[in-house]
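# Coordinates in review
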Amino acid sequence: MDGIIPLYKERGLTSFDCVAKLRHILHTKKVGHSGTLDPSVDGVLPICIGSATKVVPYLMASGKVYRGTVTLGLATTTEDLDGDVVERQALTRPFTLAELTAGTAQLTGTIQQTPPMYSAVKVRGRKLYEYARAGETVERPTRTVTVDHFTLQDAGTFDADAGTQTVAFEVGCSKGTYVRTLAVDLGRLLGVPAVMASLTRQQSGGFTLDQTVTLDQVAAAMAAEDLTTILRPIDYALTAYPHVALSDRVWQLVKNGVFLTAAELDGATAPEVALTYQGATKCLYQWSEEKQQYKPLKMFAVN
């Protein structure tokens, strides 16, 4: 049982909850997810089964797309609506779309982010949320992330009684980006407190929301002894790499970790290539300038 399940994670479940439930459903311990989603966030969560756990880093490296809403006028401890409100500043008028997009433009491209205290980032061996729950503060490391786009359709809705404005957005970003923090930073640029009100991951690991399956669907497929409808091959994680089909002779060399010339790989020129045999992706090879040959980078299967 090897492959990737493009799971739809429901709100209220942690990513580890999903892993635990799939271990029980599939009767296997070799299960891993490719990027944590907060309990309040739903959407695409690729899950790797069996030998496919070896491609988790490649799934995580792919870009992600989210859709959600940000509410301007209040802030919470967790930067989303799960936390306690720590600041309010009633808006006297709604921000215009031009004002909002001027803010999102400053949060697009390569930017620096400071992860929220309520996050799983580790500092001195402890997760930040452990410090936060203990009422402790600690210096948080900044990280460089890439935001491909941060777009708004309109200026959203203004609640004059509550003094808040809620705006829908879409974000395309690199791994490690905290969308909660983008929402808070948008408010900071506008001079008001802000909080992420809702979030759905639309795309991750090359999978889109309409390709996902639920835990119930996985359980039904397992009961029917037919996982072909929900299990995708590991190659879904490797579509960005040029593929080279191997002959029987070269496959025997690859199984033994032999370095290969470009000529043996059909004149390959890319820095990294995915090697296939009999239609299945077996490994990644990487060009070595020193050896002037391709060398093994990651082996996924040897038979």
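What counts and what doesn't
Residues numbered from 1 in each chain as written. Predicted model: local features only at pLDDT ≥ 70, side-chain atom pairs only at ≥ 80, totals over all residues. Heavy atoms only, no water. Salt bridge = Lys/Arg side-chain N within 4 Å of Asp/Glu carboxyl O. Helix = DSSP H or I, 4+ residues; strand = E, 2+ residues; numbered from the N terminus. Buried < 20%, exposed > 50% of the residue type's maximum accessible area, 1.4 Å probe, protein only. Contact = heavy atoms within 4.5 Å. Polar contact = N/O pair within 3.5 Å; in protein donor to acceptor, adjacent residues only side chain to side chain. Expected span 1.5 Å × (residues − 1). Arc of directions from axis to C-beta.

## Considerations on the pattern of salt bridges
Per the stated rule, a full pass over the model turns up 6 salt bridges. For Arg 11, the salt bridge identified is with Asp 42, shortest N-O distance 3.4 Å. Taken as a pair, Arg 11 in the loop between β1 (3-9) and α1 (15-26) and Asp 42 in strand β3 (residues 42-49) lie far apart in primary sequence, 31 residues in all. A relative accessible area of 45% places Arg 11 in the partly exposed class.

## Remarks on unusual backbone geometry
Backbone geometry at Glu 225 places phi at a positive 55°, although glycine is not the residue there. For Glu 225, the location among the structural elements is in the loop between α6 (215-223) and β15 (243-245). What makes Glu 225 exposed here is its relative accessible area of 75%. The phi dihedral of Asp 266 falls on the positive side, at around 55°, and the residue is not glycine.

## What to know about the environment of Thr 208
Structurally, the position occupied by Thr 208 is in strand β14 (residues 207-208). The spacing of Thr 208 and Val 44 is 164 residues in sequence and 6.8 Å in space, taken between C-alpha atoms. Ignoring anything within four residues of it in the chain, the contact list for Thr 208 reads Val 44, Gln 202 and Gln 203. Within the local environment of Thr 208, its side chain forms a polar contact with the side chain of Asp 210, the two groups lying 2.5 Å apart.

## Considering α1
Spanning 12 residues, α1 covers 16 Å between terminal C-alpha atoms, matching the ideal 16 Å at 1.5 Å per step. Burial in α1 covers these residues: Ser 15, Cys 18, Val 19, Leu 22, Ile 25 and Leu 26. For α1, the angular spread of buried residues about the axis comes to 130°, placing them on one side. Within α1, the exposed residues directed more than 90 degrees away from the buried face are Phe 16 and His 24. Where α1 is buried, its residues touch β1, β2 (31-33), β3 and α6. Once α1 ends, the next one or two residues include His 27, with phi positive near 55°.

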